[in-house]
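# Structural features, examined
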Amino acid sequence: SQQRAMAAYGTVTGMVFPVLMLPAAFLYALIDLLIPELAACRAQRRAARLQSVTRQCLRAGLLFGSFTAGLLFVLAGPLAQILYRSAEAGRLLRLFAPVALVLYLDALVDGMLKGLSEQVANVRYNTITSALDVALLFVLLPRYGLRGYVFTFIAAHLVNFALSLRRLLRVTGLRASAGAAVRTALLAAGAGAAALLTPAPGPEAAELLLRGAVYAGTYGLAACVSGTAELCVPESLRPARRAEKARALR
């Protein structure tokens, strides 16, 4: 019915999305710092510095996004109960949680493109994905309801992110590598499985704290042991690189 449709839409936009996008506030602060730095590198034609900054920011965003997406997936149920007393909001938050990685990286890439004076490309990609959004909603929403809306949201944002990332790699001269993405995805999946398999009896607040601690501890330990935590550290500051420089100076 129309009433149930509006209720479901209100749950998604009024309950799920505010929680989903709250961690992005940290990325927006990073973007504000990146824009003048990238603009200066572009104006001075410092290609090596531009590639280094872009690479490290993408890796840091990947780590942050995968950690946060996994955390939201694990804590969706108790978090929605504490905030809204709604099991439906928890199910929808868990459904949208993996998409947070794409949303965060898309915001980061868009910010870097602005620093590189690629606003026209941003407008072009946003126009394309908005048209795709309207077309998919027109076809899928009447037939599939909320499932059609979820599919349309995910598809449109994936297309927008793919186009923006392709433009960023072309402008900076970087090469795409799936290795870091696979490693961080495996970290989030492993930490999430460990947190969900941990018995958590008691009220929602206790479950929230216990599962959150297990997830964060497992993710952090695995990232350090596997060396994935070094992805967001500049190469010149990594222990191996410092050791090589020390041996070269002797």
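Just above, that's the structure.
If you're wondering where the values come from, they're calculated on a predicted model, not measured in any experiment. (Residues numbered from 1 in each chain as written. Predicted model: local features only at pLDDT ≥ 70, side-chain atom pairs only at ≥ 80, totals over all residues. Heavy atoms only, no water.)

## Section: the overall build of the protein
Each helix and strand counted, the protein has 10 helices and zero strands in total. Each helix and strand of the protein, placed in order from N terminus to C terminus, yields the pattern α-α-α-α-α-α-α-α-α-α. Along the three orthogonal principal directions, the C-alpha set of the protein runs to about 70 × 45 × 25 Å. Scored against the burial criterion, the 250 residues of the protein give a buried share of 38%. Counting only contacts in the protein whose residues sit at least 6 apart along the sequence, the fraction spanning at least 24 positions is 78%. Surface summary for the protein: the accessible area is close to 13700 Å², and the carbon and sulfur share equals 66%. In the protein, which carries 26 positive and 12 negative side-chain charges, the distance between the mean positions of the two groups comes to 7 Å. (Helix = DSSP H or I, 4+ residues; strand = E, 2+ residues; numbered from the N terminus. Buried < 20%, exposed > 50% of the residue type's maximum accessible area, 1.4 Å probe, protein only. Contact = heavy atoms within 4.5 Å. Areas by Shrake-Rupley, 256 points an atom, 1.4 Å probe, with all protein chains shown as cover. Lys, Arg positive; Asp, Glu negative; His and termini not counted. Charge placed at Lys NZ, Arg CZ, Asp CG, Glu CD.)

## Brief notes about the state of the cysteines
Evaluated as defined, the whole model comprises zero disulfides. C41 carries a free sulfur, and the closest cysteine sulfur to it, the one in C57, is 10 Å from it. (Disulfide = S-S within 2.5 Å.)

## Notes on the packing of aromatic side chains
One pass over the full model with this rule turns up 10 aromatic pairs. The interplanar angle of 85° and the centroid separation of 5.4 Å between the aromatic rings of F17 and F96 together place this pair among those described as edge-to-face. Of this pair, F17 sits in helix α1 (residues 2-21) while F96 is found in helix α4 (residues 87-96), placing the two residues 79 residues apart along the sequence. A centroid spacing of 5.9 Å and a plane angle of 40° characterise the contact between F64 and Y104, whose relative ring orientation is tilted. Of this pair, F64 sits in helix α3 (residues 47-84) while Y104 sits in helix α5 (residues 99-115), and the two are 40 residues apart along the sequence. Look at Y104 and you get buried, because its relative accessible area is 0%. (Phe/Tyr/Trp six-rings, centres within 6.5 Å; stacked < 30°, edge-to-face > 60°.)

## Focus on helix α8 (residues 179-197)
Counted at 1.5 Å a residue, the expected span for α8 with its 19 residues is 27 Å, and the 27 Å between its end C-alpha atoms agrees. All buried positions along α8 are accounted for by A180, T184, L187, A188, A191, G192 and A195. Buried positions in α8, seen along its axis, are confined to an arc of 125° and lie on one side of it. Residues L186, A189 and L197 are exposed on α8 and point more than 90 degrees away from its buried face. Here the buried face of α8 lies against α3 and α9 (204-226). (Expected span 1.5 Å × (residues − 1). Arc of directions from axis to C-beta.)

## Description of the environment of T172
With respect to the helices and strands, T172 occurs in helix α7 (residues 146-172). As a C-alpha pair, T172 and T54 span 118 residues in sequence and 7.8 Å in three-dimensional space. Setting aside its immediate chain neighbours within four residues, T172 contacts L50, Q51, T54 and L116. Here L168 takes part through its backbone oxygen, which lies 2.8 Å from a polar atom of the side chain of T172. (Polar contact = N/O pair within 3.5 Å; in protein donor to acceptor, adjacent residues only side chain to side chain.)

## Considering the packing of helix α2 (residues 24-43) against α3
Here α2 crosses α3 at 170°, and the two axes come no closer than 10 Å. Considering their axes alone, α2 and α3 lie roughly antiparallel with respect to each other. Taken together, the residues of α3 that come into contact with α2 (itself represented by F26, L27, L34, E37, L38 and C41) are R49, L50, V53, T54, C57 and F64. Its residues placed into classes, the contact of α2 with α3 shows nine nonpolar, one polar and two charged. (Axes fitted to C-alpha atoms, helices over the stretch in contact; angles between N-to-C directions. Parallel < 35°, antiparallel > 145°, perpendicular 65-115°, else oblique. Nonpolar A, V, L, I, M, F, W, Y, C, P; charged D, E, K, R; others polar.)

## A word on the packing of α3 against α9
Across the interface, α3 lies against α9 with an axial gap of 9 Å and an inter-helix angle of 165°. Classified by the angle their axes make, α3 and α9 are roughly antiparallel. Classified by chirality, the crossing of α9 by α3 is right-handed. Listed contacts from α9 to L63, S66, F67, G70, L71, V74, L75, P78, L79, Q81 and I82 of α3 are E204, A205, E207, L208, R211, G212, Y215, A216 and Y219. Partitioned by chemical class, the residues of the contact of α3 with α9 number 13 nonpolar, four polar and three charged. (Left-handed = near helix turned anticlockwise from the far one by under 90°.)

As far as function goes, none of this settles anything; it's purely spatial.
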